[in-house]
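The residues making up each chain are set out below.
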Amino acid sequence: MRDNFSLYKRLDWMLIILYLALVFIGWVNILASCGAGEDGTYNILDFGEKYGKQLIWICASLVLAVIIIFVINPKLYNVFAWWIYGIMMLVLVAVIFVGVDINGSRSWIRIGPLQIQPAEFAKIATIIALSSLMSKYGFTLKKKIHFVEAVALIILPTLLILMEKEAGSALVFFGLIFMLYREGMSGWILVIGGTVVLFFILTLLWGPIITSIVLLGTLVVAFLIHNHYTSPHSKLKRKHLLIKYYILALIMGIGMLFSVGFVFDNVLQPHQKARIEDLLGIKEDIMGVGYNVHQSKIAIGSGGLFGKGFLQGTQTKYDFVPEQSTDFIFCTVGEEWGFVGSLLVIILYASLIIRIINRAEKSENRFTRIYGYSIACIFAMHVFINIGMTIGLVPVIGIPLPFFSYGGSSLWCFTIMLFIFIRLDLEKEKWR
Amino acid sequence: MIQDNKKKNTLIIGLIVIFAIILIRLFNIQIIDKEYKINAGNNALKYVTRYPARGLILDRNNEVLVGNKIIYDITVTPVEVLPFDTVAFCKIFDIDTSFVKEKFREYKKYRSRVGYQTLTFLKHISNEQYNQFIEKSADFVGFSGVPRTARSYPFNAGANLIGYVSEVDGDYIKKNPGYRGGDYAGKTGIEETCEEYLRGEKGHSIFLRDSRNRIVSHYENGEYDVSPVEGKNIVSTIDGRLQQYGEALMKNKVGSLVAIEPSTGEILTLVSSPGIDVSILAEISKHYNEIASDPYKPMYNRAVMSPQPPGSVFKIVNGLIGLQEGVLTPSTHYSCSQGYKAGNVKLGCHVHKSPVDFYESIMMSCNAYYCYVLRNILDNPKYENIGEAMDKWNEYVKSFGFGTKLGSDFPSEQSGFIPNSNYYNKIYGKKGWRSLTVISLSIGQGEIGSTPLHLANFAATMANRGYYYTPHIVKESENVEIDPKYKIKNYTMVDTTYFEEAVIGMYRAVNSPPGTGGTATIAAVEGLDICGKTGTAQNPHGDDHSVFICFAPKDNPKIAVAAYVENGGFGATWAAPIASLLVEQYLNGEISPERKYIEDRILSSSLMHKVKVKKRR
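Residues numbered from 1 in each chain as written. Chains lettered and ligands numbered in written order. Predicted model: local features only at pLDDT ≥ 70, side-chain atom pairs only at ≥ 80, totals over all residues. Heavy atoms only, no water.

Draft legend 1. Quick look at the overall build of chain A. On a plain count of helices and strands, chain A comes out with 17 helices and three strands. Relative to its 432 residues, chain A shows a buried fraction of 50%. Within chain A, contacts between residues at least 6 apart in sequence are counted, and of these 69% link residues at least 24 apart. Summed over all atoms, the accessible surface of chain A reaches about 19900 Å², with 70% contributed by carbon and sulfur. (Helix = DSSP H or I, 4+ residues; strand = E, 2+ residues; numbered from the N terminus. Buried < 20%, exposed > 50% of the residue type's maximum accessible area, 1.4 Å probe, protein only. Contact = heavy atoms within 4.5 Å. Areas by Shrake-Rupley, 256 points an atom, 1.4 Å probe, with all protein chains shown as cover.)

If you want it as C-alpha cells, here you go:
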C-alpha cells in the first residue's frame with residue numbers, strides 16, 4: 001500500500017472523468033425519466049424511487065472502484081483467471097435452473113434483497129480468461145488450435161446465456177470478434193461475417209430469389225476484380241482454384257439464402273422475429289411489437305436541436321416509453337437535451353472507447369492490451385445496440401446502456417470492467 | 001507493430017463510422033424529419049374537442065321544429081383539484097356532499113387510469129347554477145364549466161317523429177366508428193335517420209402541455225386548430241302546425257293519425273298517441289324509467305309499428321281486385337239480408353237497402369257484397385285451385401304496399417302481414433280450406449295486419465287513382481338529396497281506370513244526402529269533396545277499433561289521411577271525424593263554425609279508460 005500515492009498520481013484521470021461524467025448524466029436522466037413525486041418535487045434521497053436507489057448503486061460502484069485500484073493486486077486476475085471463469089460458468093449453469101423469471105428471461109438470481117444478473121459478470125470473467133489465455137507465451141491466433149481455443153472460450157458463456165433466454169447479453173459477446181481481429185485474426189472473417197449478416201437482412205426484405213441474383217452479381221464483380229489483381233502465375237490461377245472457390249461460394253451462398261426463412265422461423269423466438277420484422281418495416285405494428293420503438297423515436301425526435309429542457313420531457317414523463325429508465329434511458333436524453341445533448345453523450349462514449357483502445361495499444365503488457373480491447377468491444381457493442389434500438393437502427397434487444405441505465409448489476413459490472421483496466425494500465429513492467 | 005497499429009486504426013475508424021451512423025440517424029429524426037414532432041404532438045399536445053352545433057330540423061314551411069340551446073356541463077381534472085369548500089360547492093348545484101365524496105373516492109381508486117384526464121362531473125346544469133359557479137370558480141380549482149349545445153323544441157309537436165339525441169355508448173361506438181365517448185347522436189326518428197347531415201363535423205383546439213400536464217399555451221396561436229363544421233339543416237315534410245293539431249285531436253286516445261301528400265308521398269303528419277312530450281326529449285335519459293313503466297308505451301310508434309286488421313276500408317282493395325280480375329263490374333248487384341249466409345258460415349251486416357251495386361257497396365259498407373266478391377276471386381275457374389287464386393290475391397294486395405315494408409325513411413317500420421296459400425295450408429292442411437274458410441278477409445278482418453302508415457299510403461293510392469310514392473319524412477332541400485326511390489310512382493296491379501269507380505263509392509260514402517245510407521257523412525265538409533271509407537275493426541279483446549281513410553279534394557287531391565283509434569267503436573264515431581277535421585284544418589286553415597261541435601267533442605273526449613293495458617312493472 002505504500003505506493004498508493006504514486007498510484008493515485010499515475011491514474012488515467014481522463015478515463016475516470018469520462019466515467020464520472022457518464023454516470024452523473026445517466027443519473028440525471030434516470031431522475032428525469034421517473035417523474036416527480038406526489039408533491040411535484042424530487043427528493044433525491046428517496047430510496048423508494050429509482051433515482052434514489054441508483055444513487056446507492058453509484059456510491060457502491062465508487063467503493064468498488066477504489067477497492068480495485070488500491071486494494072486488489074492486478075496480477076491476481078491473471079493468476080486466478082481460470083478459477084474466476086470456471087466458477088462463473090458454473091453459476092451460469094446454475095442460473096438456468098434456479099434463476100428467477102424476469103420479463104421472460106431466466107437470468108437473474110436472488111441473493112437476499114439483491115437481484116443479480118450473473119450474465120453481466122460472466123462478461124468480466126470471460127474477458128479475464130480470454131486475456132489470460134491469449135497473453136500466454138507463444139499464443140497466436142494464426143494457429144488454428146489457438147484460434148479454436150479462444151473462440152470456444154467465448155462461445156461457452158454465450159451458449160449458456162442464450163439458454164437463459166437473454167439473447168441480448170449473448171449477442172454482446174460477438175463484439176469480441178473485433179478484439180480477435182486486433183490480435184491477429186484475418187480481416188476477411190469480418191468481411192465475410194458482415195456480408196453474411198447483410199445478405200440475411202436482404203433475404204428477409206427481398207426474399208431468397210432476388211437476393212440470390214444480387215449475390216450472383218456481387219460474386220461476379222468480386223471475381224472479376226479478384227481475377228484482375230491476382231498474378232497469373234499464382235497457385236490460384238494455375239489450378240483454376242479461383243473460379244472454383246467462387247462457384248463454391250455461390251452454391252453455398254444460395255443454399256444459405258434459401259435457408260434464411262427456415263432459420264428465421266424456427267431458430268428465433270417469436271418476439272425476436274417480430275422485432276426484426278418491425279425494424280425492417282416488413283410488418284408495421286406500432287401498437288404492438290413496434291410500440292416501444294415508435295414511442296421511443298417520437299420521444300427522441302420531439303427533442304429537436306436543443307431538447308425540451310431538464311424535466312420538461314413529456315413523452316418519457318407520461319410513460320409513453322416503456323423501460324424508460326433502463327433499456328430506453330437514451331430517450332430521455334434525446335427528448336430533454338435534444339440533438340446537442342445526444343451528440344455530447346455519444347462523444348463521451350466515443351472518447352471513452354477510443355481512449356481505452358489507445359491506452360491498450362500502448363501497453364507493453366499483452367494481458368492488459370487484450371483486456372482493454374475486449375472491454376472496448378463490449379462497451380461499443382452495448383452503446384451501439386442500445387442507442388441503435390431506441391432510434392430504430394437495430395431490433396429491440398434488451399441490453400443496458402453502460403453507466404447510464406438504471407440497475408445495480410450492470411452499473412457495477414461496467415465499473416469493475418473499466419477500473420480493472422485502469423488499474424492494469426498502471427502496471428508498467430511486463431509480467432513475463 | 002506497424003501492422004497492429006493499422007488494425008487499431010481500422011477499428012477506431014470502424015467505431016467512428018458506427019457512431020457517425022447513429023448521429024446521422026439522430027440528426028434525421030430530431031431535426032429533419034417532422035413526422036416525430038407531429039406524433040409527439042398527439043402525446044404532448046392537448047386536443048380539446050370543439051363540438052359543432054347540430055343541424056336544425058325545420059318543418060315543410062321552414063318553421064323550426066328542433067333548434068339548439070346552450071347548456072353547461074361541469075368538468076373536473078382530478079389531479080388539479082385543490083381542497084375546496086364541499087358544502088358551498090354542493091349548495092350551488094343542489095347536490096349531496098356524499099355524491100362529491102363518492103366521486104372523489106372513485107377518482108382515487110382509479111387514479112392510474114384517470115391520470116391527467118378531464119372528466120365530466122355534472123351534466124346539464126342550469127344557467128343560473130352555471131352563473132353562480134363562474135362567480136366562485138376561483139374557489140374550485142380543477143373544476144370548470146363547459147358549454148354544450150342541447151336540443152330545444154320551439155314547437156310542441158312531433159316528439160316521436162323527431163326522435164331524441166343522446167350520448168353514444170360503447171356499443172354505438174363499436175358499430176359507428178368515428179364517434180368517441182362524449183359525442184351525441186340521434187337515436188330515433190328524424191334525428192336518427194338524418195344523423196349524417198345533422199351531426200356536422202367536430203373540430204378541435206390544440207394546446208401545449210408541459211411535463212406536468214398543465215396547459216402552457218395555445219399551440220402555434222391556433223394555426224392548426226380545426227373549426228367545427230355546423231350540422232346541416234334538415235327540412236322535414238312534416239307540417240308542424242298540422243302535426244300539433246293532429247296530436248291535439250288524438251290526445252287521450254290510443255291510436256295513430258297519418259297524413260300524406262298524395263302527389264309526393266310526403267308525410268304531413270304522423271301522430272302516435274299517446275306519445276312523449278317534447279319537453280322530455282332533451283333529457284330523455286332522466287325520464288327513462290318513467291317512459292319504460294308507462295303502460296301505454298309512449299315510445300312505441302304505433303303509426304309505423306303496430307299492424308292491426310284494417311277492417312272495412314279493406315273492402316275497396318277487394319273490390320278493385322274483383323274489377324281487375326273480371327269477376328265484378330261496377331253494376332254487379334248483390335243482395336244483402338243483414339248478412340251473408342253460406343252453409344254454416346254466417347257473416348252479419350247492418351241494415352241497408354238491398355240489393356246494392358259496387359258504388360253503394362262502398363258507400364254503405366255492405367259486408368255480404370264483399371263476401372261474394374272475395375269468393376268469386378278465390379273460386380275463379382281460371383285458376384287451377386284456390387291456392388293459386390289465393391296467391392294471386394296476395395300478390396295484388398301486396399302491390400298496394402300492404403304486407404311489405406314500404407321503405408319509408410322512418411326507422412323501425414313494420415311490414416304487417418298478408419296471408420297466402422302456404423299460410424292457410426299450414427293451418428288447415430293442403431285441402432283443408434276453401435274460400436268460405438277465409439271469408440273474413442273480404443271485410444279486412446282475420447289474418448290481415450296493416451299499419452296506419454299502410455292505410456294512409458292506401459288512401460294516397462286511392463287519391464292518385466292507382467299509384468303511390470313511397471311515404472317519407474325528409475324533404476329534398478339544398479342540403480339533402482333524397483333517395484331517388486321516393487320520386488318513383490309505384491303502380492298497383494289494378495288498372496288505374498278501375499280506381500275512379502271506387503272513388504265514386506268513397507265520395508258517396510261521405511257526401512250522400514242524409515238518410516240515404518252513407519256511412520261517413522259525419523266527415524263531409526262543404527266544398528272539400530272529401531272521399532273516404534270507414535272501417536270498424538273487430539277486436540276480440542275489447543271495443544272495436546275505429547278506422548277511417550280519406551283524401552280530399554276528390555279532384556287533384558292535396559291530402560290523404562288514415563286514422564286508427566283503438567277501442568273507438570264504429571269508424572264513423574271517432575276516426576272519421578278526426579280525419580276529416582285534420583283535412584279541413586289543412587285545406588281551409590280553420591274549422592267551419594258548423595263543425596265546431598265535432599271538434600269540441602273530439603278535443604274533450606278521452607277513450608283511455610276503454611283501452612286495456614297490461615300493467616307493466
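Draft legend 2. Looking closely at the packing of helix α15 (residues 330–362) of chain A against helix α16 (residues 366–390) of chain A. Residues and elements named next belong to chain A. Close contact between α15 and α16 brings their axes to 9 Å; oriented N to C, the two are set at 165°. With respect to α16, the axis of α15 lies roughly antiparallel. The interaxial crossing formed by α15 with α16 has left-handed handedness. Together, Phe-330, Ile-346, Tyr-349, Leu-352, Ile-353, Ile-356, Ile-357, Ala-360 and Glu-361 of α15 and Thr-368, Arg-369, Gly-372, Tyr-373, Ile-375, Ala-376, Phe-379, Ala-380, Val-383, Asn-386, Ile-387 and Thr-390 of α16 make up the contact between the two elements. (Axes fitted to C-alpha atoms, helices over the stretch in contact; angles between N-to-C directions. Parallel < 35°, antiparallel > 145°, perpendicular 65-115°, else oblique. Left-handed = near helix turned anticlockwise from the far one by under 90°.)

Draft legend 3. Inspection of a nonpolar patch on the surface at higher detail. All names here are of chain A. Together, Leu-76, Val-79, Phe-80, Trp-83 and Ile-87 make up a nonpolar patch on the protein surface, roughly 540 Å² of accessible area in all. Within the secondary structure, Val-79 is located in helix α4 (residues 75–98). In this structure Val-79 comes out as exposed when scored by relative accessible area, which is 56%. (Patch = residues over 30% accessible without salt bridge, like charges linked within 9 Å, V, L, I, M, F, W, Y side chains within 5 Å. Salt bridge = Lys/Arg side-chain N within 4 Å of Asp/Glu carboxyl O.)

Draft legend 4. Local environment of the environment of Ser-412 of chain B. Residue and element names in this part refer to chain B. Within the secondary structure layout, Ser-412 lies in the loop between α18 (386–398) and α19 (421–428). Along the chain, Ser-412 and Thr-188 lie 224 residues apart, while their C-alpha atoms are 8.9 Å from each other. Not counting residues up to four positions away in its chain, the partners in contact with Ser-412 are Val-304 and Met-305.

Draft legend 5. Main features of the sheet that holds strand β18 (residues 545–552) of chain B. All names here are of chain B. Pairing within the open sheet is antiparallel, and its five strands lie in the order β12-β11-β19-β18-β17. A single partner strand is all that each edge strand has here, and the edge strands are β12 (266–273) and β17 (531–537). Ignoring which end each strand starts from, the neighbouring axes of this sheet average 5° apart. As paired elements, strand β11 (residues 255–261) and β12 share seven bridges and run antiparallel to each other. Within β12, the position partnered with Val-258 by the bridge is Leu-270. Against the sheet, helix α11 (residues 240–250) makes contact with β11, β12 and β19 (559–565), and its axis sits at roughly 30° relative to β12, the strand it touches most. (Pairing = 2+ DSSP bridges.)

Draft legend 6. Region of the structure containing α19 of chain B. All names here are of chain B. Regarding α19, the residues found buried are Ser-421, Tyr-424 and Asn-425. Each buried residue of α19 lies within a common arc of 105° when the element is viewed along its axis, so the set occupies one face. In the core, the buried residues of α19 are packed alongside α18. Downstream of α19 by one or two residues, Gly-429 has phi in the positive range, about 90°. (Arc of directions from axis to C-beta.)

Draft legend 7. Layout of the nonpolar core. Counting 117 residues, the largest nonpolar core has Met-134, Phe-379, Phe-403 and Met-417 of chain A as its most contacted members. With residues up to four places along the chain from it excluded, the contact list for Phe-403 of chain A reads Tyr-19, Leu-22, Val-23, Tyr-349, Leu-352, Phe-379, Leu-411, Phe-414, Thr-415 and Leu-418 of chain A. Core analysis: the next-biggest nonpolar cluster, separate from the first, contains 105 residues, Leu-161, Phe-402, Val-438 and Tyr-486 of chain B among them. (Core = buried A, V, L, I, M, F, W, Y, C linked by side-chain atoms within 4.5 Å.)

Draft legend 8. A look at the pattern of salt bridges. Enumeration according to the criterion identifies 26 salt bridges over all chains in this entry. The shortest N-O distance in the salt bridge between Arg-182 of chain A and Glu-183 of chain A comes to 3.9 Å. Residue classification places Glu-183 of chain A among the buried positions, given a relative accessible area of 11%. With a shortest N-O distance of 2.6 Å, Asp-183 of chain B and Lys-202 of chain B are connected by a salt bridge. Pair noted here: Asp-183 of chain B is in the loop between α8 (170–175) and β7 (184–186) and Lys-202 of chain B is in the loop between α10 (195–198) and β8 (203–209), with a separation of 19 residues, a long-range link. Here Lys-202 of chain B falls in the partly exposed class, since its relative accessible area comes to 33%.

Draft legend 9. Layout of the confidence of the model for chain B. With 94% of its residues at a pLDDT of 70 or more, chain B shows a mean pLDDT of 86. As a predicted assembly, this complex carries a pTM of 0.60 together with an ipTM value of 0.88. (pLDDT = per-residue confidence, 0-100.)

Draft legend 10. Fine view of unusual backbone geometry. Residue and element names in this part refer to chain B. Residue Pro-355 follows Ser-354 across a cis peptide bond; omega there is -10°. Omega for the bond connecting Ala-552 with Pro-553 falls within 30 degrees of zero, at -15°, which places this linkage in the cis form. Position of Pro-553 among the secondary structure elements: in the loop between β18 and β19. In this structure, Asn-62 is a non-glycine residue whose phi angle is positive, near 60°. Secondary-structure assignment places Asn-62 in the loop between β2 (57–58) and β3 (64–76).

Draft legend 11. Spatial organisation of a negative patch on the surface. Among the surface-exposed residues, Glu-384, Glu-388, Asp-391 and Glu-395 of chain B lie close enough to one another that they form a single negatively charged patch. Accessibility expressed as a relative area gives 36% for Glu-388 of chain B, which makes it partly exposed. (Lys, Arg positive; Asp, Glu negative; His and termini not counted. Charge placed at Lys NZ, Arg CZ, Asp CG, Glu CD.)

Draft legend 12. Broad picture of the environment of Ala-368 of chain B. Residue and element names in this part refer to chain B. Note on placement: Ala-368 falls in helix α17 (residues 367–378). For Ala-368 and Tyr-334, which are 34 residues apart along the polypeptide, the C-alpha to C-alpha distance reads 7.8 Å. When sequence neighbours within four positions are dropped, the list of residues in contact with Ala-368 reads Ser-335, Cys-336, Gly-339 and Tyr-340.

Draft legend 13. Representation of the side chain of Lys-8 of chain B. Structurally, Lys-8 of chain B is set in helix α1 (residues 2–32). Although Lys-8 of chain B is buried, it forms no salt bridge, and the closest oppositely charged side chain is Glu-361 of chain A at an N-O distance of 6.0 Å. Other than its neighbours up to four places away in sequence, Lys-8 of chain B contacts Ile-357, Asn-358, Glu-361 and Tyr-373 of chain A.

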